[in-house]
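Chains, contacts and geometry: an overview
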Amino acid sequence: MNPGNRKPSSLPFVGDRFHARTVRVKAPGKINVSLSVGPLRPDGYHSVASVYLAVSLYEEVAATSTEAEGITVSISPDSTLDLDGVDIPLDERNLAYKAAAIMAEMSEKPTGVHLEITKRVPVAGGMGGGSADAAATLLACDALWNSGLSREELAHLAAELGADVPFSLLGGTAVGLGVGDKLSPALAKAQMDWVLVFADYGLSTPDVFRTLDGLRDSEGIEIPEPVDVDPTILQALRNGDPETLSRVLINDLQRASITLAPRLRDTIGLGEARGALAGMVSGSGPTIALLARDSVSATVLAEELGHRGHNALAVHGPVPGARIISDTLL
Ligand code: ATP
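This text gives an overview of the structure that appears in the document.

Conventions adopted
- In every chain, residue numbers begin from 1 and rise along the written sequence.
- In keeping with the model being predicted, local features are shown solely for residues with a pLDDT of at least 70 and side-chain atom pairs are shown and tallied solely at 80 or more, while totals for entire chains, interfaces and linings include all residues.
- Working from all heavy atoms in the structure, the side-chain values ignore hydrogens and water.
- Secondary structure elements follow DSSP: runs of H or I of four or more residues count as helices, runs of E of two or more count as strands, with numbering from the N terminus.
- A radius of gyration in this sense is built from C-alpha atoms; the matching globule rule multiplies 2.2 Å by the number of residues raised to 0.38.
- Here the term buried applies to any residue with accessible area under 20% of the maximum for its type, exposed to any over 50%, and partly exposed to those in between, with areas from a 1.4 Å probe on protein chains only.
- Any pair of residues with heavy atoms lying within 4.5 Å of one another is described as a contacting pair.
- Only Phe, Tyr and Trp rings are paired, with Trp represented by its six-membered ring, and only when their centres lie within 6.5 Å; those with planes under 30 degrees apart are stacked, over 60 edge-to-face, the remainder tilted.
- Two conditions define a charge located above a ring, namely a distance within 6 Å from the ring centre to NZ of Lys or CZ of Arg, and an angle within 35 degrees of the ring normal.
- By this definition, two strands are paired if DSSP reports at least two bridges between them.
- Angles run from 0 to 180 degrees between N-to-C directions of axes, and those axes are lines fitted to C-alpha atoms, restricted for helices to the stretch in contact.
- Take the buried Ala, Val, Leu, Ile, Met, Phe, Trp, Tyr and Cys residues and link them wherever side-chain atoms come within 4.5 Å; each set so joined is a nonpolar core.
- The criterion for a residue being near a molecule or strand is simple. One of its heavy atoms has to lie within 4 Å of it.
- Each polar contact in these results corresponds to two N or O atoms within 3.5 Å; when the atoms are within protein, one needs to be able to donate a hydrogen and the other to accept it, and residues that are neighboring in sequence are counted only if both atoms are side-chain atoms.
- Per-residue and other accessible areas were derived by the Shrake-Rupley procedure at a 1.4 Å probe size, with only the shown protein chains allowed to occlude residues.
- Angles are sorted into four bins: roughly parallel if under 35 degrees, roughly antiparallel if over 145, roughly perpendicular if 65 to 115, and oblique for all others.
- Left-handed describes a crossing in which the near helix is turned anticlockwise from the far one by less than a right angle; the clockwise case is right-handed.
- The directions from the helix axis to the C-beta atoms are what the arc is built from.

Per the secondary structure count, the protein chain includes 10 helices and 14 strands. Radius of gyration (C-alpha) of the protein chain: 20 Å, near the 20 Å computed for a compact globule of 330 residues. Counting only C-alpha atoms, the protein chain reaches 65 × 45 × 40 Å along its principal axes. When burial is assessed residue by residue, the protein chain has 51% of its 330 residues classed as buried. Contacts spanning at least 24 positions in sequence make up 78% of the contacts within the protein chain whose residues lie at least 6 apart.

All right, on to the packing of aromatic side chains then. Taken as a whole and judged by the stated rule, the model has one aromatic pair. Between the aromatic rings of Tyr52 and Phe167, the centroid separation amounts to 4.9 Å while the plane-to-plane angle is 25 degrees, which identifies the pairing as stacked. Placement of the pair is Tyr52 in strand S4 (residues 46-66) and Phe167 in helix H4 (residues 165-170), with a sequence separation of 115 residues. Phe167 shares its class with Tyr52; the two are buried. One residue, Lys26, lies across the ring of Tyr58, its end atom 4.0 Å from the ring centre.

This next bit is on the sheet that holds strand S11 (residues 278-281). In spatial order, the strands read S11-S12-S9-S13; together these four strands make up an open sheet with antiparallel pairing. Pairing within the sheet leaves two strands with one partner each, and these edge strands are S11 and strand S13 (311-317). Adjacent strand axes in the sheet meet at a mean angle of 25 degrees, parallel and antiparallel pairs treated alike. Bridge count between strand S9 (residues 192-198) and S13: seven bridges; the pairing is antiparallel. Across the sheet, the residue bridging to Leu196 is Leu313, located in S13. Contacts from helix H9 (residues 263-273) reach S9, S11 and strand S12 (288-292) within the one sheet, and its direction differs from that of S11 by about 160 degrees. Of the strands in this sheet, S9, S12 and S13 are in contact with helix H10 (residues 295-307), which crosses S9 at around 10 degrees.

This next bit is on the nonpolar core. With 34 residues, the main nonpolar core has Val25, Met103, Val113, Leu115, Leu138 and Leu161 as its most contacted residues. Sorting the residues of this core by element identifies strand S3 (21-40), S4, strand S5 (71-75), helix H1 (95-106), strand S6 (112-118), helix H2 (129-144), helix H3 (151-161) and H4 as the ones contributing at least two each. Here this core takes 10 residues from H2, the largest share from any one element. Sequence-distant contacts of Val25, defined by excluding residues within four places in its chain, comprise Glu59, Glu60, Val61, Ala136, Leu139, Ala140, Ala322, Arg323, Ile324 and Ile325. If you look at the next biggest cluster of nonpolar residues, it comprises 29 residues, including Val33, Leu196, Leu277 and Met280.

Glancing now at the site of the ligand. Inspection of the region around the ligand gives 20 residues, with Gly128, Gly130, Asp133, Asp164 and Thr205 positioned closest. At a separation of 2.9 Å, a nitrogen atom of the ligand approaches a polar side-chain atom of Lys119. Within the backbone of Gly128, an N or O atom sits 2.8 Å from an oxygen atom of the ligand. Coverage of the ligand by the protein chains reaches 81% of its 620 Å² of free accessible surface. Sorting elements by how many residues they give to the shell around the ligand places H2 first, with four residues.

Moving on, we come to the packing of H1 against H3. At a minimum axis separation of 10 Å, H1 and H3 run at an interaxial angle of 135 degrees. Taken as axis vectors, H1 and H3 run oblique relative to one another. In this structure, H1 crosses over H3, and the sense of that crossing is right-handed. On H3, the residues touching Leu95, Lys98, Ala99, Ile102, Met103 and Met106 of H1 are Leu154, Leu157, Glu160 and Leu161.

Negative phi is the rule for most residues except glycine; trans is the rule for most peptide bonds. Here the bond from Gly285 into Pro286 is cis, since omega is 5 degrees, no more than 30 degrees from zero. Put simply, Gly317 and Pro318 share a cis peptide bond, and its omega is 10 degrees. Mapped onto the secondary structure, Pro318 falls in the loop between S13 and strand S14 (323-329).

Our next topic: helix H6 (residues 231-239). Along H6, the residues that are buried comprise Ile233, Leu234, Ala236 and Leu237. On an axial view of H6, the arc spanned by its buried residues comes to 160 degrees, and they lie on one face. The exposed residues of H6 that point more than 90 degrees off its buried face are Pro231 and Asn239. On its buried face, H6 is in contact with S3, S4, strand S7 (173-177), S9, helix H7 (242-248) and strand S10 (250-251).

Written out as structure tokens, the structure reads:
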């Protein structure tokens, strides 16, 4: 066998010498093409019915085995985000750290591990960036420690880490029920083009949910539990029909995000005035997702918003979930 093609051994020692190995994984951020939110449940959660779309903006995690025990985390200088003043814990509160800790428990012979995260998905941006780091880390440590878990078992561990983690593992398009963790893949091969507009601040997801509860309480309207998503959305995604999709986008959290950050309404208005078919807050925000007619319109719109001082990026989706991009013995 050509040694260059050899799958790296799970044994870190050759004789006395420790051989570090790096597994690099990329995992996508998501937008919620539709997000219906039920009333506050007695357990403090909300049931949702959502259509998730994985988009071409990726987090990357490089997991390197270390001779010293334990888990360490750093942020790569290649990160494209301006992380000045942004709060990303590098200890056991980091979602990637938590993912590695769970995988270490599940593996027979875990080594120590260093996780270097390349951040591209905005922090506290409503695109599941931390969840993507967790999904990437699960897959990287699974390979690093030959844990032998199936994708299904990894998905179970992902759900323990957070409601959005299983989707970043799965990717593509999926309907999410429960708290967003009960996923059914949806058929949607056709690409849709979007422009993401990033904010220079974050919104806390729990704050956005609390604000929605407050708004609903003050209106005194009974909100039913969401049980399913609008089939027109899935049909439009399946057919690659952005015009139809633009008429049925929905996000129950949007008005709460706009209550907390009123400028978001102007950004959506600007995007729609400059050619987007429709705009919406992504998840809990503050990232805005603008649906474009095609890839050329998306590129033109992103450039125009850039000229007007916005941080905008053309992306497409669906894209696949977390996957290994390299596996190297050092
Ligand atoms: P979601 O929409 O899934 O709730 P989000 O995309 O809005 O999340 P994240 O970027 O995942 O937000 O981070 C939310 C908070 O989680 C951050 O403010 C940060 O303090 C904490 N956090 C923990 N681990 C990470 C990580 N790996 N990357 C970024 N933030 C993290």
